[in-house]
Amino acid sequence: MRGHDEQKCFVAVNEALQVIHNKWAFQVITQLYYNRQRFNELRRNVGDISVKSLIDILRHLEKLQIVHREVYPTIPASVEYSLTEKGREYRKILLQMREWGEKWMLDSEAQVIEQTGNDN
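Analysis parameters
- Residues numbered from 1 in each chain as written.
- Predicted model: local features only at pLDDT ≥ 70, side-chain atom pairs only at ≥ 80, totals over all residues.
- Heavy atoms only, no water.
- Helix = DSSP H or I, 4+ residues; strand = E, 2+ residues; numbered from the N terminus.
- Buried < 20%, exposed > 50% of the residue type's maximum accessible area, 1.4 Å probe, protein only.
- Contact = heavy atoms within 4.5 Å.
- Areas by Shrake-Rupley, 256 points an atom, 1.4 Å probe, with all protein chains shown as cover.
- Arc of directions from axis to C-beta.
- Pairing = 2+ DSSP bridges.
- Expected span 1.5 Å × (residues − 1).
- Axes fitted to C-alpha atoms, helices over the stretch in contact; angles between N-to-C directions.
- Left-handed = near helix turned anticlockwise from the far one by under 90°.
- Nonpolar A, V, L, I, M, F, W, Y, C, P; charged D, E, K, R; others polar.
- 1 Å grid on protein atoms, 1.4 Å probe; cavity = no way out; pocket = protein on both sides within 12 Å on 5 of 7 lines; lining within 4 Å.
- Points joined across faces, edges and corners; volume = space filled by probe spheres on them.

*Asks:* Can you walk me through the overall build of the chain in this structure?
*Replies:* Looking only at helices and strands, the chain has five helices and three strands in total. Secondary structure elements of the chain occur, N-terminal to C-terminal, as α-α-β-α-α-β-β-α. Each of the 120 residues in the chain was classed as buried or not, and the buried ones make up 25%. For the chain, long-range pairs separated by at least 24 residues make up 48% of all intrachain contacts whose partners lie at least 6 apart in sequence. Carbon together with sulfur atoms contributes 52% to the accessible area of the chain, which is approximately 9100 Å² in total.

*Asks:* Can you help me understand helix α3 (residues 39-46) in this one?
*Replies:* Note on helix geometry: an α-helix contains 3.6 residues per turn, so any two residues three or four positions apart are oriented the same way. For α3, every residue scored as buried is listed here: F39, L42 and V46. Angularly, the buried residues of α3 cover 65° about the axis, an arc narrow enough to put them on a single face. Backbone geometry just downstream of α3 places G47 in the positive-phi region, at approximately 120°.

*Asks:* Mind showing me how you'd approach the pairing of strand β3 (residues 78-83) here?
*Replies:* Each regular strand carries side chains that alternate between the two faces of the sheet. Counted residue by residue, β3 has six buried out of six residues, so it is predominantly covered. Bridge count for strand β2 (residues 67-72) against β3 is six bridges, and the pairing is antiparallel. From the neighbouring strand, H68 faces β3, where its bridge partner is S82. The turn linking β2 back onto β3 is made up of five residues.

*Asks:* Whenever I open this one, helix α4 (residues 51-63) confuses me. Can you help?
*Replies:* Given a rise of 1.5 Å per residue, 13 residues ought to cover 18 Å, and the 18 Å separating the end C-alpha atoms of α4 matches this to within 8%. Buried residues belonging to α4 abut α1 (3-19), α2 (25-34), α3, β2 and β3. Looking one or two places after α4, you find Q65, whose phi comes out positive at around 65°.

*Asks:* I tried to follow the packing of α2 against α3 on my own but got confused; where do I start?
*Replies:* When two helices pack together, their arrangement is captured by the angle between the axes and the distance separating the axes. Running from N to C, α2 and α3 point in directions that differ by 115°, and their axes come no closer than 10 Å. Two packed elements cross with a definite hand, and for α2 against α3 that hand is right-handed. Residue-level contacts link Q27, V28, Q31 and L32 of α2 to L42, N45 and V46 of α3. Its residues assigned to classes, the contact of α2 with α3 shows four nonpolar, three polar and no charged.

*Asks:* What am I meant to see in the layout of surface pockets here?
*Replies:* To find the voids left in a structure, one rolls a probe of water-molecule size over its atoms. Size it by volume and the largest pocket reaches roughly 220 Å³. Forming the boundary of the largest pocket are I20, F26, I29, T30, Y33, Y34, R91, L94, L95, M97 and R98. Listed by contribution, the elements that provide at least two residues to the lining of the largest pocket are α2 and α5 (85-119).

Structure (structure tokens):
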């Protein structure tokens, strides 16, 4: 890669990384990949996340067009979150990151186990 192509690559990779720059983004995307969820359901399923953090990450993902927010005119109003097509496609990136992580994590874990075993 040279010049302009390299710059385009950096911009594109940075854009992809912006989606999961928050520690909760991965969990939210993962939960919504399987089915649409209401706010409190999503909060329970994600785990130990504060209301503020979940609101912030949902707004971030909505701004990036990864998450769709649907408001139903009930009393009180019901809101459901789901992944957009762009959000569902992001799963490919996460799966590739997983494959890379598993490949190299396993090597790292094996080294740690080997070193621990040699220390005893």
